[in-house]
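Read off the chains here:
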Amino acid sequence: MRVFVVTPPDPVVSLEEAKEHLRVDGPDEDDLIRSYIAAATGHIDGPDGWLGRAIGLQTLEARFSLLLPAACSGQAIRLPFGPVSALAAVSYLDSQGVEQEADLNDFALYGDEVEPVASVYPWEGGSMQREAGRIQYRAGYETLPPAIHAAILLMVGDLYANRETASVGTGAAAIPMSATPALLLGPFRVFT
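Since this is a predicted model, take the numbers as computed values, not measurements.

Visitor: Tell me about the packing of aromatic side chains, and please be specific about residues and values.
Guide: Counted by the stated rule, this structure contains five aromatic pairs. Aromatic ring contacts, followed pair by pair, group Phe64, Tyr92, Phe107, Tyr121 and Trp123 into a single cluster. Lying across the ring of Phe4, Arg63 places its NZ or CZ 4.3 Å from the centre.

Take a look at the structure:
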């Protein structure tokens, strides 16, 4: 199953919060700080992120084979990168390869899992093509957990304070990033 971002999230940490954390006054470095917020958030958020979950509210699309065991048997299909809050659209390719829009009322959402309301999914007998099934869904936190918020601010602080990857002086040395963000984020990480 591949997952794509359809609608990216808004920033989960504001410029004002980051500037307050960094103790920066004035607008001179706003663009730089915004880029650090985006880099820190992008590193952990969504399908490509280290956490293995969505942190900012976003729309994702899961693409899968209609031959997956769950998709064939009417069992639950787990949607990755939760927390999942709502289904947005379900479509599939029929046996002729024509895209069909499914009725959202034919599905029940239980946490991060989707099940058919009836005993079978509406795509029974659908296309054998790869990724013939597609589920769009809203994922991410309505309220960002404080530990994730703090970790992003710490990552932004590390990037701001250490603008180079090495220091040069009496001897070159790598600049280590703080272990604290990883400790704060660890309980939220999803391993697949």
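Now, onward.
Visitor: Residues and numbers for the pattern of salt bridges, please.
Guide: Side chains that differ in sign of charge can pair as their charged atoms come close. All chains considered together, the criterion is met by four salt bridges. Across the pair Arg2 and Glu131 runs a salt bridge, and its minimum N-O distance is 2.4 Å. A residue pair is termed long-range when its members are at least 10 positions apart, and Arg2 in strand β1 (residues 2-7) and Glu131 in the loop between β7 (113-116) and β8 (133-139) qualify at 129 residues. For Glu131, a relative accessible area of 13% corresponds to the buried category.

Visitor: Account for the packing of helix α1 (residues 15-22) against helix α4 (residues 146-161), with residues named and values stated.
Guide: Closest axis-to-axis distance for the α1/α4 pair is 10 Å, and the angle between their directions is 60 degrees. Classed by the angle they form, the pair α1 and α4 counts as oblique. The crossing of α1 and α4 is right-handed. Note on element contacts: α4 touches α1 through His149, Leu153, Leu154, Val156, Gly157 and Tyr160, opposite Glu17, Ala18, His21 and Leu22. Along the lines of polarity and charge, the residues of the contact of α1 with α4 split into six nonpolar, three polar and one charged.

Visitor: Provide a residue-level description of the sheet that holds strand β2 (residues 58-64), including the pertinent values.
Guide: Strand order in the open sheet formed by five strands is β1-β2-β8-β4-β5, and the pairing between neighbours is antiparallel. Looking at the sheet topology across the chains shown, the edges are occupied by β1 and β5 (99-101). Strand-to-strand twist across the sheet, computed as the mean angle between neighbouring axes with direction ignored, equals 25 degrees. Pairing of β2 with β8, which is carried by seven bridges, proceeds in the antiparallel orientation. Its bridge partner lying in β8, Leu60 is registered against Tyr137.

Visitor: So what about the layout of surface pockets? Which residues, and what values?
Guide: In this structure, the largest pocket occupies an estimated 260 Å³ of space. Residue lining of the largest pocket: 16 residues in total, with Asp10, Pro11, Ile37, Ala38 and Thr41 positioned closest to the centre. A total of five residues in the lining of the largest pocket trace back to one element, the largest contributor, which is helix α2 (residues 30-44). Grouping the amino acids of the lining of the largest pocket by side-chain chemistry returns nine nonpolar, three polar and four charged.

Visitor: Could you give me a rundown of unusual backbone geometry, with the residues and numbers involved?
Guide: Note the cis peptide between Gly82 and Pro83, where omega equals 10 degrees. Of note in the backbone geometry, Arg23 takes a positive phi value of approximately 60 degrees without being a glycine. Mapped onto the fold, Arg23 is located in the loop between α1 and α2. Its relative accessible area of 76% is what places Arg23 among the exposed residues. One non-glycine residue with positive phi stands out, namely Glu131, at about 60 degrees.

Visitor: Report on the sheet that holds strand β6 (residues 107-110), specifying residues and quantitative values.
Guide: Pairing is antiparallel across the open sheet formed by three strands, whose spatial order is β3-β7-β6. If you trace the sheet from one side to the other, it starts and ends with β3 (77-78) and β6, each paired once.

Visitor: Account for the nonpolar core, naming residues and giving values.
Guide: Side chains of a nonpolar character, in soluble globular proteins, are inclined to be buried together. With 25 residues, the main nonpolar core has Leu79, Phe107, Trp123 and Tyr137 as its most contacted residues. In terms of residues, this core owes the most to one element, strand β4 (residues 84-93), which gives five residues. With near-sequence residues (within four places) excluded, Leu79 lies in contact with Ala62, Val84, Leu87, Leu109, Asp112, Val114, Ile135 and Tyr137. Membership of the second largest hydrophobic core comes to 23 residues, among which are Val24, Tyr36, Met155 and Val156.

Criteria and thresholds
Residues numbered from 1 in each chain as written. Predicted model: local features only at pLDDT ≥ 70, side-chain atom pairs only at ≥ 80, totals over all residues. Heavy atoms only, no water. Phe/Tyr/Trp six-rings, centres within 6.5 Å; stacked < 30°, edge-to-face > 60°. Lys NZ or Arg CZ within 6 Å of the ring centre and 35° of its normal. Salt bridge = Lys/Arg side-chain N within 4 Å of Asp/Glu carboxyl O. Helix = DSSP H or I, 4+ residues; strand = E, 2+ residues; numbered from the N terminus. Buried < 20%, exposed > 50% of the residue type's maximum accessible area, 1.4 Å probe, protein only. Axes fitted to C-alpha atoms, helices over the stretch in contact; angles between N-to-C directions. Parallel < 35°, antiparallel > 145°, perpendicular 65-115°, else oblique. Left-handed = near helix turned anticlockwise from the far one by under 90°. Contact = heavy atoms within 4.5 Å. Nonpolar A, V, L, I, M, F, W, Y, C, P; charged D, E, K, R; others polar. Pairing = 2+ DSSP bridges. 1 Å grid on protein atoms, 1.4 Å probe; cavity = no way out; pocket = protein on both sides within 12 Å on 5 of 7 lines; lining within 4 Å. Points joined across faces, edges and corners; volume = space filled by probe spheres on them. Core = buried A, V, L, I, M, F, W, Y, C linked by side-chain atoms within 4.5 Å.

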